[in-house]
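Here is what each chain is made of, one letter per residue.
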Amino acid sequence: MTSNVFGWGIIGCGVIASSHARAVLANAPQARLVGVCDIDLVKAEHLKDQFGAQFATESIDELLSSLEIDCVSICTPSGLHAHCGIEAARAGKNILCEKPLDIDHSRMDAFIKNVHTVGVKLGCVFQQRTHPLHRRLKAMLTAGAFGRILYADLSGKDYRSPEYYRTADWRGTLRYDRGCLMNQGIHSLDLLLWLIGEPVVEVAGFADHLARAIEAEDTIAGSLHFASGALASILYATSSSRSRLPHHIGIHCTEGNIILQGSQPFVEVRGEQLTFESDATSRQGHEYHVHDLIEAIDNNRDPEITGESARIAVDVALALYEASETRSVVTLR
Ligand SMILES: NC(=O)c1ccc[n+]([C@@H]2O[C@H](COP(=O)([O-])OP(=O)(O)OC[C@H]3O[C@@H](n4cnc5c(N)ncnc54)[C@H](O)[C@@H]3O)[C@@H](O)[C@H]2O)c1
């Protein structure tokens, strides 16, 4: 455990910011919440009062010039992540960036480049990867316990109301958000790609807004071809007529099968079903990510989810969009 204390700032004080504030407090005394920033000062003041930050500001420059702040969480709309992240890196701050890393190739390139040039740490949020069962399955897949991966599927049939898209003017826009895969489905897509651990080389797909009056897609169907030859199908939607339909991830291998659906996973190796003890004691979610960034700084190692790792799912999502727009098979760069 570190004896250092890391001052934390939060940029963007909307829905997800409170998860970061709570995670910082949960990591006390190694972390403490110093300042919060939002272009809407009322939101910044509210977050400050709720979690006991020292100051609130509407100026990102003021936040980043605070010498008491070592790390910042980026919780702005997705299309502003790289912009805010580059400013934070140039100010010498370590960064915990919300998903998705950004929604544009060249901005992600510039973000990662700036982080490396300055030499700060960039950790990224994908809280599905922090779940103990998922970590266990990842270790087993990496060790080859299931044999060779043949095919996989992901299906997430979610509901977001028309009102949801009106709660903030960036939601569902091509410029700042994109649609259901980039915002909501990215969690499951990242989990699938991380568990498989193979590069995607080609994608095909179709995306459309079938039920919501938004610029981007509320429904997407796609196919992935991995470098190993494995295949996967993706169906993701926020256009479903009801919420709480269980997500499904299946990974099917020469020696076994993994099905993640609802609270009961089905995992078998060579015909034998495995059971997993639930581990309620270990850090998870945003608390895990804050702790990991602190440990990465203290031990001068990479955070568990680097910018390079976090962009993989974004690159696949962008390729699926391109495939849909051009009605063609897209090769990943
Ligand atoms: N990890 C998760 O489970 C999870 C959940 C929800 C949202 N998110 C991600 O968090 C990000 C924010 O989502 P949200 O739902 O909290 O959105 P939100 O609209 O509730 O909050 C975004 C805030 O950023 C502020 N903002 C906009 N531009 C700014 C700027 N230049 N500087 C400072 N503040 C600025 C807005 O005023 C707003 O208060 C998105 O990228 C989203 O994908 C992640």
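Since the model is a prediction, treat every value here as computed from it, not as a measurement.

Draft legend 1. Focus on the overall build of the protein. For the protein, the count of helices and strands is 9 helices and 15 strands. The globule rule puts the C-alpha radius of gyration for 333 residues at 20 Å, and the 20 Å found for the protein is close to it. Over its C-alpha atoms, taken along the principal directions, the protein stretches across nearly 55 × 45 × 40 Å. Residues classed as buried in the protein amount to 44% of the 333 residues present. Sequence-distant contacts, at least 24 apart, represent 70% of the contacts inside the protein between residues at least 6 apart.

Draft legend 2. View of the sheet that holds strand 13 (residues 266-269). With mixed pairing, 9 strands are arranged side by side in an open sheet as 14-13-12-11-7-10-9-8-15. With one partner strand each, in any of the chains shown, strand 14 (272-274) and strand 15 (330-331) form the two edges of the open sheet. Looking at chain direction, strand 8 (residues 200-208) and strand 15 are connected through 2 bridges and run antiparallel. Paired with Val 203 across the bridge in strand 15 is Val 330. The strands touched by helix 7 (residues 180-196) within the sheet are strand 7 (149-157), strand 8, strand 9 (219-226), strand 10 (231-237) and strand 11 (248-253), with strand 7 carrying the most contacts at an inclination of about 155°. In the packing of helix 9 (residues 307-326) onto the sheet, the strands contacted are strand 8, strand 9 and strand 15, and the crossing angle to strand 8 comes to about 60°.

Draft legend 3. Region of the structure containing the pairing of strand 12 (residues 256-261). Residues Gly 256, Ile 258 and Leu 260 of strand 12 are buried on one face, while the alternating residues Asn 257, Ile 259 and Gln 261, pointing to the opposite face, are not. Summarising the sheet, strand 11 and strand 12 pair through 5 bridges and their orientation is antiparallel. Note that in strand 12 the partner of His 248 across the bridge is Gln 261. Hairpin connection between strand 11 and strand 12: a loop of 2 residues separates the two successive antiparallel strands. In this structure, strand 12 lies alongside strand 13, joined through 4 bridges in antiparallel fashion.

Draft legend 4. Inspection of helix 4 (residues 81-90) at higher detail. Those residues of helix 4 not exposed but buried are His 81, Ala 82, Cys 84, Gly 85, Ala 88 and Ala 89. Along the long axis of helix 4, the arc covered by the buried residues comes to 165°, so they all point the same way. In this structure, the buried side of helix 4 is in contact with strand 1 (6-11), helix 3 (60-64), strand 4 (71-74), strand 5 (94-97) and helix 5 (105-118). One or two positions beyond helix 4, positive phi appears at Gly 92, with a value near 80°.

Draft legend 5. Examining the domain arrangement of the protein more closely. On domain assignment, one finds that the protein holds domain 1 (6-125 + 284-306) and domain 2 (128-278 + 314-331). The straight-line distance from the C-alpha centre of domain 1 to that of domain 2 is 26 Å. Of the residues lining the interface, 16 residues belong to domain 1; the matching set on domain 2 comes to 15 residues. Ranked by residue count, the leading element in the side of domain 1 that touches domain 2 is helix 8 (residues 285-298), at 3 residues. Each residue belonging to the side of domain 1 that touches domain 2 can be placed in one class, and the counts come to 8 nonpolar, 7 polar and 1 charged.

Draft legend 6. The arrangement of the sheet that holds strand 6 (residues 122-124) in detail. An order of 3-2-1-4-5-6 is seen for the 6 strands of this open sheet, with the pairing classed as parallel. If you trace the sheet from one side to the other, it starts and ends with strand 3 (55-57) and strand 6, each paired once. When strand polarity is set aside, the average angle formed by the axes of neighbouring strands in this sheet is 25°. As judged from the 4 bridges shared by strand 4 and strand 5, these two strands associate in the parallel manner. Bridge pairing in strand 5 links Val 72 to Ile 95. Seen against the sheet, helix 2 (residues 41-51) touches strand 1, strand 2 (31-37) and strand 3 and runs at an angle of roughly 165° to strand 3.

Draft legend 7. Looking closely at the nonpolar core. Grouped together as the largest cluster of nonpolar side chains are 89 residues, with contacts concentrated most on Ile 10, Leu 189, Leu 192, Val 316, Ala 317 and Leu 320. For this core, the domains that each give at least three residues are domain 1 (6-125 + 284-306) and domain 2 (128-278 + 314-331). Apart from residues lying up to four places away in sequence, Ala 317 is in contact with Leu 181, Met 182, Ile 186 and Leu 189.

Draft legend 8. Fine view of helix 5. Here helix 5 contains 14 residues, and its C-alpha end-to-end distance of 20 Å stays within 8% of the 20 Å for a straight helix at 1.5 Å per residue. Residues of helix 5 that are buried include every one of Met 108, Phe 111, Ile 112, Asn 114 and Val 115, and no others. Along helix 5, the residues classed as buried sweep out an arc of 160° about the axis, all on the same side. Seen from the buried face of helix 5, the exposed residues on the opposite side, beyond 90 degrees, are Ser 106, His 116 and Thr 117. Gly 119 sits one or two positions beyond helix 5 and adopts a positive phi of about 90°.

Criteria and thresholds
Residues numbered from 1 in each chain as written. Predicted model: local features only at pLDDT ≥ 70, side-chain atom pairs only at ≥ 80, totals over all residues. Helix = DSSP H or I, 4+ residues; strand = E, 2+ residues; numbered from the N terminus. Rg over C-alpha atoms; globule rule 2.2 N^0.38 Å. Buried ≥ 20, exposed ≤ 12 C-beta atoms within 10 Å, placed from the backbone. Contact = placed C-beta atoms within 7 Å. Pairing = 2+ DSSP bridges. Axes fitted to C-alpha atoms, helices over the stretch in contact; angles between N-to-C directions. Arc of directions from axis to C-beta. Domains from an automatic or database assignment. Nonpolar A, V, L, I, M, F, W, Y, C, P; charged D, E, K, R; others polar. Core = buried A, V, L, I, M, F, W, Y, C linked by C-beta atoms within 7 Å. Expected span 1.5 Å × (residues − 1).

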